[in-house]
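So the chains spell out like this:
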Amino acid sequence: MKSGCQSSYGELHSTDGLNSVSASDGFEVSNISERSITVRHCTSEASATFRAPTNSFEQIHNQSVACLDVTQGGLGVSVCSGNRMLLWETSNGSVRRTLDGHICDVTTCRFFPSGLVVLSGGLDMQLKIWSAETGQCATTLKGHVGGITDAAVVERGRNVVSVSRDATARLWDCGQSVCLSVVAKCDSVINSCALQATDNSVYLGQPDQSVSEREVATDRQLLILACESGVLEGFGLRAKEKIFQAVCTDAVNTCAFLTPMQVICGTHNGQIYIFDIRNISSALHHWYEKRGVIYNITPVCGGFLTCTGDGSCIFRDCTNLNQNHVIDFAGSDCDPIYKVASSGSRLFTACRDSIIRKYVLPKNMV
């Protein structure tokens, strides 16, 4: 629920399974199926479609799942608080490989665009690149002096970017296992990052020195950084120049691109902001989500998924943000959802209760 609305509470009752579902006064139910139900608040006309998971993978991890990613080819990678990073099949949750090598907790893991290589980063201040086919670590990247919090792949993966508790963002050459440059030095811990290729209408700065020939496809890349100090910062990746800074109300935990011109971020106190990078002085949209900490925002299917501290994973449609309707991917019993990833018509969530849940997206979202 967004800010400005008084909370209302009701109950659903069933006397004969799906054939007889009713709501308490002030609410209506509709579109009832085996794994989905829509509930509408009559006064405010706010509504939510609740979708149940098709699978709950309880066997992959036995501790809080901190991060995950999935591929179109049927592979998933995830890490739990016990520092176990695993490769598994998205069809049934069967574990294929254990990626063992980080000394401390792994904080981020993601596939390269090929789906055959994994990038991970941890509190041991190291980035590692793994073969998904063999489970072997091909490269270790060292240079940060604080735990790594997030990472991104540049284009096909000749270069990667990492951000850290040491308040820097670094650009790496994977082939030679070296840091090419420090892209940004911020005033606080950097919690998250995202990359997007932009067109020539967006100023991305001018390099003040010669660019390494090992930089590949960095020229039109805009890097955004979610900072603990409560700001969202944007940098031209090749120029290493700050392009903009947007001030938020609390620590910014997550950030993403909705389009090449629009960015979104979420804060520790539950605020969500959408900015146009061409006019960063004021937010296009700003609201309080009333669901606790915003841990992750992931663009998908013309909208975005928001993972929150109360165990919600909700979808909002970007084409009509004023519409008072969300899709709520249910299942967590108030345990926070830390990350969400999608592959085609399938959605996967990482939860504190150690369960990875799999959902089928509605046909109108795919």
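Residues numbered from 1 in each chain as written. Predicted model: local features only at pLDDT ≥ 70, side-chain atom pairs only at ≥ 80, totals over all residues. Heavy atoms only, no water.

As for its placement among the helices and strands, Val 79 is situated in strand 8 (residues 75–80). Taking the relative accessible area as the measure of exposure, Val 79 reaches 0% and is therefore buried. For the pair formed by Val 79 and Leu 99, sequence separation is 20 residues and the distance between their alpha carbons is 9.4 Å. Each residue touching Val 79, except ones within four places of it in the same chain, is listed here: His 61, Ser 64, Val 65, Ala 66, Cys 67, Arg 84, Met 85, Val 106 and Cys 109. (Helix = DSSP H or I, 4+ residues; strand = E, 2+ residues; numbered from the N terminus. Buried < 20%, exposed > 50% of the residue type's maximum accessible area, 1.4 Å probe, protein only. Contact = heavy atoms within 4.5 Å.)

What follows is about the pattern of salt bridges. In total, this model carries 14 salt bridges according to the counting rule given. The partner of Arg 214 in a salt bridge is Asp 173, and the shortest N-O contact between them spans 2.7 Å. Remark: Asp 173 occurs in strand 17 (residues 168–173) and Arg 214 occurs in the loop between strand 19 (190–197) and strand 20 (221–227); sequence separation between them is 41 residues. Given a relative accessible area of 24%, Arg 214 falls into the partly exposed group. (Salt bridge = Lys/Arg side-chain N within 4 Å of Asp/Glu carboxyl O.)

Our next topic: the sheet that holds strand 20. Across the sheet, 4 strands lie side by side as 19-20-21-22; this open sheet has antiparallel pairing. The sheet is open, and its two borders are formed by strand 19 and strand 22 (241–247), each paired with just one other strand. Ignoring strand direction, the axes of neighbouring strands in this sheet form an average angle of 20°. Relative to strand 21 (residues 231–236), strand 20 is paired through 5 bridges, and the arrangement is antiparallel. (Pairing = 2+ DSSP bridges. Axes fitted to C-alpha atoms, helices over the stretch in contact; angles between N-to-C directions.)

For strand 28 (residues 303–308), the buried fraction is high: 6 of the 6 residues fall into the buried class. Side chains Gly 303, Leu 305 and Cys 307 of strand 28 all project onto a buried face; the interleaved residues Phe 304, Thr 306 and Thr 308 project onto the opposite face, where all are buried too. With 6 bridges joining them, strand 27 (residues 294–300) and strand 28 adopt antiparallel strand pairing. In the sheet register, Ile 294 faces strand 28, and the bridge partner there is Thr 308. The turn joining strand 27 and strand 28, which pair antiparallel and follow one another in sequence, is formed by 2 residues; a positive phi near 55° is taken by Cys 301. Note: strand 28 against strand 29 (residues 313–317), 5 bridges, orientation antiparallel. Residue pairing across strands places Phe 304 opposite Arg 316, the latter belonging to strand 29. Hairpin connection, strand 28 to strand 29: the antiparallel pair is bridged by 4 residues, and Gly 311 has positive phi, about 90°.

Turning our eyes to something else, we now look at the packing of aromatic side chains. Across all of its chains, the model carries 6 aromatic pairs by this definition. Put simply, the rings of Phe 57, Trp 88 and Phe 348 touch in pairs and so form one group of aromatic residues. (Phe/Tyr/Trp six-rings, centres within 6.5 Å; stacked < 30°, edge-to-face > 60°.)

If you trace the backbone, Asp 276 turns up in strand 25 (residues 271–276). At 2.8 Å, the side chain of Asp 276 and the side chain of Arg 278 are in polar contact. Residues in contact with Asp 276, not counting those within four places in the same chain, are Met 261 and Leu 284. (Polar contact = N/O pair within 3.5 Å; in protein donor to acceptor, adjacent residues only side chain to side chain.)

On to the pairing of strand 4 (residues 36–41), then. Burial analysis of strand 4 places 5 of its 6 residues in the buried class, which makes it a mostly covered element. One ladder, built from 4 bridges, connects strand 3 (residues 27–30) with strand 4; its direction is antiparallel. Bridged to Val 29 within strand 4 is Val 39. The loop that links strand 3 with its antiparallel partner strand 4 comprises 5 residues; one of these, Asn 31, has a positive phi angle of about 50°. Taking the residues that link successive antiparallel strands as the turn, the strand 4-strand 5 (residues 47–51) hairpin has 5 residues, and the phi of Glu 45 there is positive, at about 65°.

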